[in-house]
Amino acid sequence: MSHANGGKIAVVAVGGNSLIRDKTHQTVPDQYAASVESMARITDMIEAGWDVVITHGNGPQVGFILRRTELAIHELHPVPLDYCGADTQGAIGYMFQRALYNEFHKRGLAKQAATVITQALVDRNDPAFKNPSKPIGSFMDQATASQHSQSEGWAVVEDAGRGWRRVVPSPLPIRIVERDAIESLIRAGYVVISNGGGGIPVIEDDQGNLVGVEAVIDKDFGGALMATSINAELFLITTAVEKVALNYNRPDQRWLDRMTLGEARQYLDEGHFAKGSMEPKIRAIIGYLERGGQQALITDPENIGRALAGETGTWIVP
Ligand code: ADP
Ligand code: MG
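Below or above, wherever it landed, is the structure these notes cover. The written sequence of each chain sets the order in which its residues are numbered from 1. As they are written, the chains are lettered A onward and the ligands numbered 1 onward, keeping that order. In keeping with the model being predicted, local features are shown solely for residues with a pLDDT of at least 70 and side-chain atom pairs are shown and tallied solely at 80 or more, while totals for entire chains, interfaces and linings include all residues. In computing side-chain properties, one takes all heavy atoms of the structure into account and sets aside hydrogens as well as water.

### As for the sheet that holds strand 10 (residues 200–204)
So, point 1. Here a strand pair is declared whenever DSSP counts at least two bridges between the two strands. A run of H or I in DSSP counts as a helix once it spans at least four residues, and a run of E counts as a strand once it spans at least two, with each numbered from the N terminus. Ordered by their spatial adjacency, four strands build an open sheet running 8-4-10-11, and the pairing between neighbours is mixed. Of all strands in the sheet, those with a lone pairing partner are strand 8 (173–176) and strand 11 (210–212), marking the two edges. Looking at each pair of strands side by side, their axes are set apart by 45° on average, direction ignored.
So, point 2. When strand 4 (residues 119–122) meets strand 10, the two strands line up parallel, connected through three bridges. Across the sheet, residue A120 finds its bridge partner in strand 10, namely P201. Angles here are taken between N-to-C directions and fall from 0 to 180 degrees, while the axes themselves are lines fitted to C-alpha atoms, restricted in helices to the stretch in contact.

### Some points on the packing of helix 1 (residues 28–47) against helix 3 (residues 81–107)
So, point 1. Taken N-terminus to C-terminus, the directions of helix 1 and helix 3 make an angle of 50°; their axes are 8 Å apart at the nearest point. With respect to helix 3, the axis of helix 1 lies oblique. Remark: the crossing between helix 1 and helix 3 carries right-handed chirality. Every residue of helix 3 that contacts helix 1 at V28, Q31, Y32, S35, V36, M39, A40, R41, T43, D44, I46 and E47 is listed here: M95, F96, R98, A99, L100, N102, E103, F104 and R107.
So, point 2. In the contact of helix 1 with helix 3, the residues fall into eleven nonpolar, four polar and six charged. Angle categories are assigned with fixed cut-offs, so that under 35 degrees is roughly parallel, over 145 is roughly antiparallel, 65 to 115 is roughly perpendicular, and the rest are oblique. Left-handed describes a crossing whose near helix is turned anticlockwise from the far helix through less than a right angle; right-handed describes the clockwise counterpart. Contacts are assigned to residue pairs that have any heavy atoms within 4.5 Å of one another. By the convention adopted, Pro, Cys, Tyr, Trp, Phe, Met, Ile, Leu, Val and Ala count as nonpolar, Lys, Arg, Asp and Glu as charged, and the other residues, Gly among them, as polar.

### Examining the site of ligand 1
So, point 1. Taken together, 18 residues lie near ligand 1, and G16, K219, T239, A245 and K281 sit nearest.
So, point 2. Between ligand 1 and G16, the relevant distance is 2.8 Å, taken from an oxygen atom to a main-chain nitrogen or oxygen of the residue.
So, point 3. Separating an oxygen atom of ligand 1 from a side-chain N or O atom of K281 is a distance of 2.5 Å.
So, point 4. The accessible surface values rely on the Shrake-Rupley method and a 1.4 Å probe; as for residues, cover is taken only from the protein chains in view. Look at ligand 1: alone it shows 570 Å² of surface, and the protein chains cover 79% of it.
So, point 5. For the shell around ligand 1, the elements supplying multiple residues, two or more each, are strand 13 (244–246) and helix 8 (278–290).
So, point 6. A breakdown of the residues in the shell around ligand 1 according to their chemical character gives eight nonpolar, seven polar and three charged. We call a residue near a molecule or strand as soon as one heavy atom of that residue lies within 4 Å of the molecule or strand. Any pair of N or O atoms that falls within 3.5 Å is considered a polar contact. Within protein, one atom must be able to donate a hydrogen and the other to accept it, and sequence-neighbouring residues count only if both atoms are side-chain atoms.

### What to know about the environment of D218
So, point 1. With respect to the secondary-structure elements, D218 resides in the loop between strand 11 and helix 6 (219–229).
So, point 2. Only protein chains enter the area calculation, which uses a 1.4 Å probe; residues under 20% of their type maximum are buried, those over 50% are exposed, and those in between are partly exposed. Taking relative accessible area as the criterion, D218 reaches 21% and is therefore assigned partly exposed.
So, point 3. Residues D218 and S170, spaced 48 residues apart in sequence, show a C-alpha to C-alpha distance of 6.8 Å.
So, point 4. When residues no more than four places from it in sequence are discounted, the contact partners of D218 are S170, G198 and P280.

### Regarding the sheet that holds strand 12 (residues 234–238)
So, point 1. As summarised here, the arrangement of the eight strands in space is 3-9-2-1-12-16-17-15, forming an open sheet in which the pairing is mixed. Strands with a single pairing partner mark the edges of an open sheet, and in this sheet they are strand 3 (113–116) and strand 15 (258–260). Across the sheet, the mean angle from the axis of one strand to that of its neighbour is 20°, orientation sign disregarded.
So, point 2. Judged from the six bridges that link them, strand 1 (residues 9–14) and strand 2 (residues 51–56) form a sheet pairing that is parallel. Bridge pairing in strand 2 links A13 to T55.
So, point 3. Against the sheet, helix 1 contacts strand 1, strand 2, strand 9 (191–194) and strand 12, and its axis sits at roughly 155° relative to strand 2.
So, point 4. Strands strand 12, strand 15, strand 16 (296–299) and strand 17 (314–317) of the sheet are contacted by helix 8, whose axis makes an angle of about 160° with strand 16.

### Overview of helix 7 (residues 261–269)
Since the α-helix advances by 3.6 residues per turn, residues separated by three or four positions end up pointing in the same direction.
So, point 1. For helix 7, the set of buried residues is L261, A264, Y267 and L268. Along the axis of helix 7, the buried positions cluster into a sector of 125°, meaning they face one direction only.
So, point 2. Looking at the packing, one finds that the buried side of helix 7 touches strand 13, strand 14 (254–256), strand 15, helix 8 and strand 17.
So, point 3. Phi turns positive, to about 80°, at G271, one or two residues after helix 7. This arc is taken over the directions from the axis of the helix to the C-beta atoms.

As structure tokens, then:
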């Protein structure tokens, strides 16, 4: 069981669509059903010889926990964001582990998947802490927002007439704390699920102890750091689109088969990639390639196999 096969390492960052297909499929059984499909495509990669480290987003799942907290606050304690990160890494890791177990069983594959609860170190002086920008949790009226801001110190913003929302910092991850454990597992032949939600954000205090912070890390940046940290031969981001486009959703839209690092930087500057969706992916891939990464790919889960065969997806190379 789980003998290292000496294959190449791929870090696969699965997007929100691997867990939630649409607004009418959000329940836990729905999320499991979506996981089953995505993990089958990842099993194809494993059968093709890749050693896969899976990472994933957790935005909607954290939102559900925060909403439950809000509804139950007269009776139960609030859940800090670092703890939300750990909860979702565990729960999503469980769904992926079970989906992979069943897929391996079906195919007679002697493989095992394991989830590593992962902390990601962020710089306590990261400028993001002075500029909380990531909206989380429910919309509030102004009175509720200012009450939270006074009693809990929340940063709150008015969101385009839709109401008030809490915003938290989104610092860059600089070190994956459990890196060595993750690398040992992958080199020993295990399929590893780790650094979910970009990693649980922690800072180092003056004594070198880790402290969880009220922040969120972008899963695309978390995935790219993972790919760099374990010297992955491939950084694959799966999302809801088969390819990346220039002039996305416009009449002159053009799908890209391939771009170089230089072209990626240029298209980014020209504003082709929407903030909060495609932009962080391209930035994350640029970072991975700048740190010596070999190749990155963006496609949807259904097309992983075809994309790896060079038939589709958008490849980004140095
Ligand atoms: P994920 O959960 O996978 O991170 P996101 O919604 O954050 O998903 O990002 C993927 C989305 O980015 C796509 O579904 C697409 O609508 C959007 N997008 C924005 N700009 C582009 C672009 N230039 N090319 C392709 N997709 C784009
Ligand atoms: Mg996203």
